[in-house]
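Given next are the chains, with one letter for each unit.
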Amino acid sequence: MTHPFDPELEARLLRYAAIDSQSNANSPSSPSTEIQFGMLQLLKQELEEMGATEVTLTDYGTVLATIPGTAEGPTIGFLAHVDTAPQFNATGVKPRVIKGYNGGAITYPDAPDLVLSPEEFPYLAEKQGEDIITASGLTLLGADDKAGVAILMTAARRLLSDPSIPHGPIRLAFTPDEEIGRGVASALPKDLAADFAYTFDGGAVGEIEYESFSADIAHVTVTGVSIHPGWAKDKLVNAIHLASKIVDTLPHVTLTPETTSGREGFIHATDMTGGSSEMKLTFILRDFERDGLAAKGDLLRKVCEAVQAGEPRAKITCEITPQYRNMRYWLENDMTPVELARSAARAHGIEPISVPIRGGTDGSRLTEMGVPTPNIFTGMQNIHGPLEWISVQDMRRATEVCLTLVEQAAKG
């Protein structure tokens, strides 16, 4: 028998995923891409139609709305982000539903050689009989975080249509640019006006996370000496060679994303652009602890200084900028929001899992800015690539946890 939430969650994710809303780290605007307004305007309209109050699209590109309380209780914020990751093609997403998944390998209509197998991804094997949503093989799906959007919109509609459910005031926020670390504007904590909040931006059922990476971004510029190559003897300084030397000098068998796991941090070269006269490199630095993050920044600076010392005619600069910090530093002082989410999960027979996020969320910044914001599962899997998928029933479980959480908070 189909659960009443399943058709709505499925329809919402299919509708939202088909809208291109990819962010762009190289754009200075906010939101970083104009196309994100397609999702933002749609959500604003849908919230107004379902009866939410104080529905606003802010000048920093966040949709805010209120679900008025029906009982005494704390003001709780719920957040999801509308942008999709820049790491893979997100234009022309064609989401599809595999009803009653049979437990075998899943193939893709637009990429015949692509295979999603339960042998390679054991969590998929647990979803036999459920309804699986994927893209068509040429794009990511965008369940990160349009699954979170669908979950919160479904929960909002239920709360607004059934005032008999006891809950305190609820504030919704749908943010842009989370994938590029710019989802939380300086005005958001005050505008959200929540005692505490939750992002719905997690993976497997049961994940309730209160630890994230601490993160910095580094921009390295290598300026060489340009001259006609025919007369370059003892004069030309090739910026490409020096930039390559920086990358090659950094650790390769340790301290890279592909060689680390668990609580290990890394230095990740994400971009290298330019030419023989000037090169620009971007690195992201990640660690769960402040001293580990600082050590990675120091290592990058020392490598740049060493390459600079070997070629004094060049100019090499290294600028490191903070992005976000491990939310654990603040949440461990008051675990009430985490324990409330765990209690709501257990009410549905779900055993909470709290593992460190090898990444960050809008909650990382919000927590640092004074609004405690742990992260709750949506069911999304294999994000940021063509093998991304999600179970409709996992989304339903997240929706149920959301509704139970607000009821339990109202009961104290």
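A. Spotlight on the packing of aromatic side chains. Considering all chains together, one arrives at 7 aromatic pairs under this definition. Ring centres of Tyr123 and Trp389 lie 5.9 Å apart, and the angle between their planes is 35 degrees; on these two criteria the pair is classed as tilted. One end of the pair, Tyr123, is in helix α3 (residues 122-125); the other, Trp389, is in strand β16 (residues 389-391), with 266 residues separating them in the sequence. Using a relative accessible area of 1% as the deciding quantity, one classes Trp389 as buried. Ring geometry for Phe213 and Phe266: centres 5.5 Å apart, planes at 90 degrees, overall edge-to-face. Placement of the pair is Phe213 in the loop between β10 (208-209) and β11 (214-223) and Phe266 in strand β12 (residues 266-274), with a sequence separation of 53 residues. Residue Phe266 is classed as buried on the basis of its relative accessible area, which comes to 8%. Three or more aromatic residues joined by ring pairs make a cluster, and in this case those are Phe78, Phe196, Tyr198 and Phe200. The positively charged end of Arg263 is found above the aromatic ring belonging to Phe288, 6.0 Å away from the centroid.

B. Main features of the packing of helix α4 (residues 143-161) against helix α11 (residues 392-411). For the pair α4 and α11, interaxial distance at closest approach is 9 Å and the crossing angle is 50 degrees. Compared by their axis directions, α4 and α11 come out oblique. Here the hand of the crossing between α4 and α11 comes out right-handed. Facing Ala147, Ala150, Ile151, Leu152, Thr154, Ala155, Arg158 and Leu159 of α4, the residues of α11 in contact are Met395, Ala398, Thr399, Cys402, Leu403 and Val406. Residues belonging to the contact of α4 with α11 are distributed by class as follows: 11 nonpolar, 2 polar and 1 charged.

C. Geometry of the sheet that holds β10. The strand order across the open sheet formed by 7 strands is β1-β2-β8-β3-β9-β15-β10, and the pairing between neighbours is mixed. Each edge of the sheet is formed by a strand with only one pairing partner; in this case those strands are β1 (53-57) and β10. Where β10 meets strand β15 (residues 375-377), 2 bridges bridge the pair, whose relative direction is antiparallel. By the bridge assignment for β15, Ile208 is matched with Ile376. Across the sheet, helix α2 (residues 36-50) touches β1, β2 (63-67) and β8 (170-175), and the angle it forms with β1 is around 165 degrees. Packed onto the sheet, helix α9 (residues 336-346) meets β9 (196-202), β10 and β15 and runs at close to 55 degrees relative to β9.

Cut-offs and rules
Residues numbered from 1 in each chain as written. Predicted model: local features only at pLDDT ≥ 70, side-chain atom pairs only at ≥ 80, totals over all residues. Heavy atoms only, no water. Phe/Tyr/Trp six-rings, centres within 6.5 Å; stacked < 30°, edge-to-face > 60°. Helix = DSSP H or I, 4+ residues; strand = E, 2+ residues; numbered from the N terminus. Buried < 20%, exposed > 50% of the residue type's maximum accessible area, 1.4 Å probe, protein only. Lys NZ or Arg CZ within 6 Å of the ring centre and 35° of its normal. Axes fitted to C-alpha atoms, helices over the stretch in contact; angles between N-to-C directions. Parallel < 35°, antiparallel > 145°, perpendicular 65-115°, else oblique. Left-handed = near helix turned anticlockwise from the far one by under 90°. Contact = heavy atoms within 4.5 Å. Nonpolar A, V, L, I, M, F, W, Y, C, P; charged D, E, K, R; others polar. Pairing = 2+ DSSP bridges.

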